[in-house]
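One-letter residues, chain by chain:
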Amino acid sequence: MTAEMRRAWARTLTSEPDFLKEQASLGKCWTLLAVGEDLLNDGDWIRATLGGKSVFVQRFGDQLKGFENRCAHRFFPLRTADKGNGPIVCGFHHWRYDRDGLALGIPHSTEVYGKTPREIGARLPSIDIATCGSLVFGRFPSDDGESLEAFLGDGFPILATIADMPAKSYKISDDIAANWMLLMQITLDDYHLVAVHHRKKFSMNREMAYYRFGAYDRHSTQFVHTQDTPAIMAAQCLAGNCKPDDYRIFNIFPNVAVSLFRAKPYWYCFIQQFIPVSAGRSQQRGWFYRTKIEVEETAFEKFIEPVSEIIRPRIVRYFTERTGDEDHRACEQLQSVAAQADAWPILSSQEKRIEWFWQAYQRSLTTAPAPEVV
Ligand code: FES
Ligand SMILES: [Fe+2]
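Residues numbered from 1 in each chain as written. Chains lettered and ligands numbered in written order. Predicted model: local features only at pLDDT ≥ 70, side-chain atom pairs only at ≥ 80, totals over all residues. Heavy atoms only, no water.

### Focus: the overall build of the chain
In terms of helices and strands, the chain carries 11 helices and 17 strands. Once the C-alpha set of the chain is aligned to its principal axes, its extents read approximately 75 × 60 × 35 Å. The 374 residues of the chain split such that 50% are buried. A fraction of 61% describes how many contacts in the chain between residues 6 or more apart in sequence connect residues 24 or more apart. Summed over all atoms, the accessible surface of the chain reaches about 18,200 Å², with 53% contributed by carbon and sulfur. Counting 44 positive and 46 negative side-chain charges, the chain places the averaged centre of each group 2 Å from the other. (Helix = DSSP H or I, 4+ residues; strand = E, 2+ residues; numbered from the N terminus. Buried < 20%, exposed > 50% of the residue type's maximum accessible area, 1.4 Å probe, protein only. Contact = heavy atoms within 4.5 Å. Areas by Shrake-Rupley, 256 points an atom, 1.4 Å probe, with all protein chains shown as cover. Lys, Arg positive; Asp, Glu negative; His and termini not counted. Charge placed at Lys NZ, Arg CZ, Asp CG, Glu CD.)

This is the structure we're talking about:
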């Protein structure tokens, strides 16, 4: 890695111009925008952030479409709430758009423009949309033609299985005064558990394995206490036979972490995303739920399921929020002196995924091939 790349490490955590540049580049990367439950019915829409810009995704029949959230007329935001249902009609002068983003309803058009809406031909910039499981991803159009399937690689069948959300999921959110990359990096760090989460013991390297996956190895995962690999898990998922044996976390570049854990006897999943707001501020949003992975239940577990499934999500929420809070407050401390980070960190074997993340980040900011790592 070049000296300039190492210096950039620190600068990107605090510099607003660098943040804006970075976000513009990352907008070409497939990014989580919504989950299926937000877009179930015809006309449902959700506002999201992509590449530092406000965008929205809307269901039209069996199709999902995404557009930049600004009117072609005078750039008023078309969606002024987080979610809703209804046609695309601008609140400023009532221009109305069709499912292709074309302004086909322009009030008083021939009087004030001397033209029909078709002759004016105003259109919203569209974004590419693709889904995996219940996850709706988007990106600004790019020449590389990379599909979501290629982007995720082995992660595609895995997410199609573990992120196939049931009707009931539970939401989690937090506002954090820290750069989004610090939040991603703490999910890639298995060395902080004793100091930050008050675990009794450090993990041993032999207990876990790290893997990279997807196009250009942008994503990474930690598998605990198993011989399985992402390729094995992907094959199991494709065969409809997903059989995890312990905790696993999948970090999807740029800003999503999906953890799979046991809430006995079931497998639960927690999907979280760190949405960049500014260089020093981020928003966490997350969903946890019981996955559809089949498990063997004892007769007693089956018997108490109606009651235990009321209590279990509360327990999961307690631990998930507590762990998140500890992580987020630690990241706020990191952010408070981030401007003083003037060297490459001294990464341990249990933080090596942070370097992998940084390589993926650098690659996204340049059109050049992935930087050579020394
Ligand atoms: S800005 Fe949208 S109709 Fe005028
Ligand atoms: Fe943590």
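Next comes the rest of the description.
### A look at the environment of Ser278
Along the chain, the position of Ser278 falls in strand β16 (residues 266–278). Each C-alpha atom of the pair Ser278 and Ala178 lies 8.8 Å from the other, and the pair is 100 residues apart in sequence. Setting aside its immediate chain neighbours within four residues, Ser278 contacts Glu16 and Phe19.

### A short note on the packing of helix α2 (residues 16–26) against helix α11 (residues 352–365)
At their nearest, the axes of α2 and α11 sit 8 Å apart, and the two run at 85° to each other. When the interaxial angle is binned, α2 and α11 end up roughly perpendicular. Between α2, through Glu22, Ser25 and Leu26, and α11, the contact on the second element is made entirely by Tyr361, Ser364 and Leu365. Tallied by class, residues from the contact of α2 with α11 come to three nonpolar, two polar and one charged. (Axes fitted to C-alpha atoms, helices over the stretch in contact; angles between N-to-C directions. Parallel < 35°, antiparallel > 145°, perpendicular 65-115°, else oblique. Nonpolar A, V, L, I, M, F, W, Y, C, P; charged D, E, K, R; others polar.)

### Focus on the coordination of the iron ion (ligand 2)
Of the protein atoms, only His192 (NE2), His197 (NE2), Asp327 (OD) and Asp327 (OD) coordinate the iron ion (ligand 2), at distances of 2.1 to 2.6 Å. The sequence pattern formed by the donor residues of the iron ion (ligand 2) is H-x4-H-x129-D. With a gap of 135 residues between them, His192 in the loop between α7 (180–186) and α8 (193–197) and Asp327 in helix α10 (residues 299–336) connect regions that are remote in the sequence. For the pair His192 and Asp327, a shared accessibility class is recorded, and that class is buried. (Donors = N, O, S within 2.8 Å, 3.2 Å for Na, K, Ca; no water.)

### Let's talk about the pattern of salt bridges
Within the structure shown, the criterion is met by 20 salt bridges. One salt bridge connects Glu146 with Arg218, and the closest N-O pair in it is separated by 2.4 Å. Highlighted residues: Glu146 in the loop between β10 (135–139) and α5 (148–152) and Arg218 in the loop between β12 (208–213) and β13 (219–224), separated in sequence by 72 residues. The class for Arg218 is buried, based on a relative accessible area of 8%. Two residues, Lys292 and Asp164, come together in a salt bridge whose shortest N-O distance is 3.1 Å. Residue Lys292 is located in the loop between β17 (281–290) and α10, and its partner Asp164 is located in the loop between α6 (155–162) and β11 (170–176); the two are separated by 128 residues in the primary sequence. (Salt bridge = Lys/Arg side-chain N within 4 Å of Asp/Glu carboxyl O.)

### Regarding the confidence of the model for the chain
Looking at the chain as a whole, the pLDDT averages 94, with 97% of positions reaching at least 70. When the criterion is pLDDT under 50, residues 368–374 qualifies, and its contacts beyond four places in sequence or with other chains add up to 12 contacts. (pLDDT = per-residue confidence, 0-100.)

### A few points about the packing of aromatic side chains
The tally for this structure, following the rule as stated, stands at 15 aromatic pairs. Residues Phe261 and Tyr268 carry aromatic rings whose centres are separated by 6.3 Å and whose planes lie at 35° to one another, so their mutual orientation is tilted. By the ring-pair criterion, three or more aromatic residues cluster together here, those being Trp180, Phe253, Trp344, Phe357, Trp358 and Tyr361. Taking NZ or CZ as reference, Arg79 lies 5.2 Å from the ring centre of Phe56, over its face. (Phe/Tyr/Trp six-rings, centres within 6.5 Å; stacked < 30°, edge-to-face > 60°. Lys NZ or Arg CZ within 6 Å of the ring centre and 35° of its normal.)

### Concerning the nonpolar core
The biggest cluster of nonpolar side chains holds 61 residues, and the ones touching the most others in it are Leu148, Leu159, Ile162, Trp180, Met233, Phe250 and Ile271. Per element, the largest residue contribution to this core is six residues, and it comes from α7. Both of domain 1 (31–145) and domain 2 (166–365) provide at least three residues apiece to this core. Setting aside residues no more than four positions away along its own chain, Trp180 makes contact with Phe19, Glu22, Gln23, Leu26, Pro254, Asn255, Phe274, Pro276, Ser282, Phe357 and Tyr361. With 13 residues, the next largest nonpolar core counts Ile88, Cys90, Ala103 and Ala122 among its residues. (Core = buried A, V, L, I, M, F, W, Y, C linked by side-chain atoms within 4.5 Å. Domains from an automatic or database assignment.)

### As for the side chain of Glu351
Mapped onto the elements, Glu351 comes out in the loop between α10 and α11. Despite its burial, Glu351 remains without a salt bridge, the nearest opposite charge being carried by Arg353 at 11 Å. Setting aside its immediate chain neighbours within four residues, Glu351 contacts Leu188, Asp189, Tyr191 and Ile346.

### Details of the sheet that holds strand β14 (residues 248–252)
Taken together, seven strands build an open sheet; the order of strands is β11-β17-β16-β15-β14-β13-β12 and the sheet is antiparallel. The sheet terminates laterally at β11 and β12, the two strands that pair on one side only. Strand-to-strand twist of the sheet, defined as the mean angle between neighbouring strand axes without regard to direction, takes the value 15°. (Pairing = 2+ DSSP bridges.)

### Quick notes on the domain arrangement of the chain
Frequently, the measure chosen for interface size is the accessible area removed from exposure when the parts meet. Under the domain assignment, the chain is made up of domain 1 (31–145) and domain 2 (166–365). For domain 1 versus domain 2, the distance between C-alpha centres works out to 32 Å. Contacts between the two partners involve eight residues from domain 1 and, on the opposite side, 11 residues from domain 2. Remark: the boundary between domain 1 and domain 2 carries one salt bridge. Between Lys171 and Glu37 there is a salt bridge; the shortest N-O distance is 3.1 Å. Here domain 1 and domain 2 share four residue pairs in polar contact (both at pLDDT 80 or more) between them. Among the elements that make up the side of domain 1 that touches domain 2, the one with the highest residue count is strand β1 (residues 31–35) (five residues). Taken together, the residues of the side of domain 1 that touches domain 2 sort by class into five nonpolar, two polar and one charged. (Polar contact = N/O pair within 3.5 Å; in protein donor to acceptor, adjacent residues only side chain to side chain.)

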